[in-house]
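Spelled out, the chains give:
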Amino acid sequence: MTIDRSGGCWAVVPAAGAGRRFGSTLAKQYLQVNGRCVLAWTLEALLAVTAIQRIVVALASDDDLWPKLGFAGHPRISTCTGGASRAESVLNGLQQLAEWGVHPQQPVLVHDAARPCVTPPEIERLIAEVGDHPDGGLLAMPVRDTLKRADSEGRVVVTVNRSGLWQALTPQLFPLGRLRAALERAAAEGVEVTDEAQALERIGACPRLVEGALHNIKLTHPSDQGLVERILAGVRAAKPI
Ligand SMILES: Nc1ccn([C@@H]2O[C@H](COP(=O)(O)OP(=O)(O)OP(=O)(O)O)[C@@H](O)[C@H]2O)c(=O)n1
Ligand SMILES: C[C@](O)(CO)[C@H](O)COP(=O)(O)O
């Protein structure tokens with residue numbers, strides 16, 4: 001097991017979600033957008049980054065759509081079975097990398113299948129700025145709007161001071177071994193982390209925030225679909241991959 005010093009990394013794509021907030025019987029990662037499904041858009045962006053050696057896609061155990069996408073047998077793509085939570089799906093992907101003999105210090109990039117609008121230059125910037133730093137890093141956006149905390153009736157309780165606040169995006173990039181240990185520790189302690197950085201923060205790391213792009217939105221609610229369509233018709237089409 002030797003570390004690849006070429007600056008390369010591996011990737012895990014959590015794609016095993018049910019899309020409950022999206023409210024469709026079809027899992028949102030398989031929603032057709034501009035003639036291609038969300039997951040295919042996402043994988044196309046990752047495959048365009050030559051520093052990414054190989055990608056593990058964590059799929060739901062009952063996923064019967066993956067074979068229809070045309071990526072089965074792709075030399076840089078493999079799959080594993082996802083878990084009951086995003087964190088568990090990511091952990092299953094990391095365990096797959098470890099079984100392939102990927103060095104524990106090798107950087108691993110985790111990117112949501114539900115973020116199809118990311119562009120290769122953004123991914124490359126994260127890899128360049130974070131590299132194999134033990135604390136890793138993530139794409140994120142400084143909060144632009146005034147933030148309100150609401151009560152259960154949708155009324156403002158308080159305005160939250162937004163200085164220093166960022167909203168986390170993906171991809172997020174961390175050394176394989178440290179990320180696995182951090183996710184395993186959170187799971188053992190019954191803490192469901194909502195991103196990889198939170199797991200690292202819990203063990204004392206200070207991940208680097210790398211400014212991402214507003215168009216790298218996560219398809220979450222039905223109202224996001226129109227925006228994702230317009231972004232993919234624009235940003236990604238403008239720079240065909
Ligand atoms: N058990 C899970 C849950 C989520 N994900 C993935 O994690 C990413 C971000 O999660 P989210 O947007 O919450 O997706 P869902 O869990 O599908 O959505 P919801 O929470 O509305 O059900 C998605 O690509 C989703 O497929 C996963 O791999 N395994
Ligand atoms: C990882 C993430 O996309 C960073 O913003 C986000 O935490 C995922 O949250 P979700 O509820 O699993 O979509």
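Residues numbered from 1 in each chain as written. Chains lettered and ligands numbered in written order. Predicted model: local features only at pLDDT ≥ 70, side-chain atom pairs only at ≥ 80, totals over all residues. Heavy atoms only, no water.

For the protein, an unreviewed UniProt entry supplies the name 2-C-methyl-D-erythritol 4-phosphate cytidylyltransferase and the organism Nitrococcus mobilis Nb-231. Database annotation for the protein, UniProt heading Pathway (unreviewed entry): "Isoprenoid biosynthesis; isopentenyl diphosphate biosynthesis via DXP pathway; isopentenyl diphosphate from 1-deoxy-D-xylulose 5-phosphate: step 2/6." (UniProt positions renumbered as here; feature names shortened; annotations may be inferred.)

Novice: Talk me through the site of ligand 2; I want residue IDs and the actual numbers.
Specialist: Around ligand 2, the structure places Arg 21, Arg 86, Asp 112, Arg 115, Ala 168, Thr 170, Thr 194, Asp 195 and Lys 218. One of the side-chain N or O atoms of Lys 218 is found 2.6 Å from an oxygen atom in ligand 2. In the complex, 76% of the free accessible area of ligand 2, which totals 360 Å², lies under the protein chains. A breakdown of the residues in the shell around ligand 2 according to their chemical character gives 1 nonpolar, 2 polar and 6 charged. (Near = heavy atom within 4 Å. Polar contact = N/O pair within 3.5 Å; in protein donor to acceptor, adjacent residues only side chain to side chain. Areas by Shrake-Rupley, 256 points an atom, 1.4 Å probe, with all protein chains shown as cover. Nonpolar A, V, L, I, M, F, W, Y, C, P; charged D, E, K, R; others polar.)

Novice: Before we move on, could you go through the pattern of salt bridges and cite the residues and values that matter?
Specialist: For the coordinates displayed, the defined rule picks out 8 salt bridges. Between Asp 112 and Arg 86 there is a salt bridge, with the nearest N and O atoms lying 2.8 Å from each other. One end of the pair, Asp 112, is in the loop between β6 (107–110) and α3 (120–130); the other, Arg 86, is in helix α2 (residues 86–99), and 26 residues separate them in sequence. Residue Asp 112 is classed as buried on the basis of its relative accessible area, which comes to 7%. Between Arg 86 and Glu 196 there is a salt bridge, with the nearest N and O atoms lying 2.5 Å from each other. Highlighted residues: Arg 86 in helix α2 and Glu 196 in helix α5 (residues 196–202), separated in sequence by 110 residues. Residue class for Glu 196 comes out buried when judged on its relative accessible area of 1%. Among the ionic contacts, a cluster of salt bridges with common partners joins Arg 86, Asp 112, Arg 115 and Glu 196. (Salt bridge = Lys/Arg side-chain N within 4 Å of Asp/Glu carboxyl O. Helix = DSSP H or I, 4+ residues; strand = E, 2+ residues; numbered from the N terminus. Buried < 20%, exposed > 50% of the residue type's maximum accessible area, 1.4 Å probe, protein only.)

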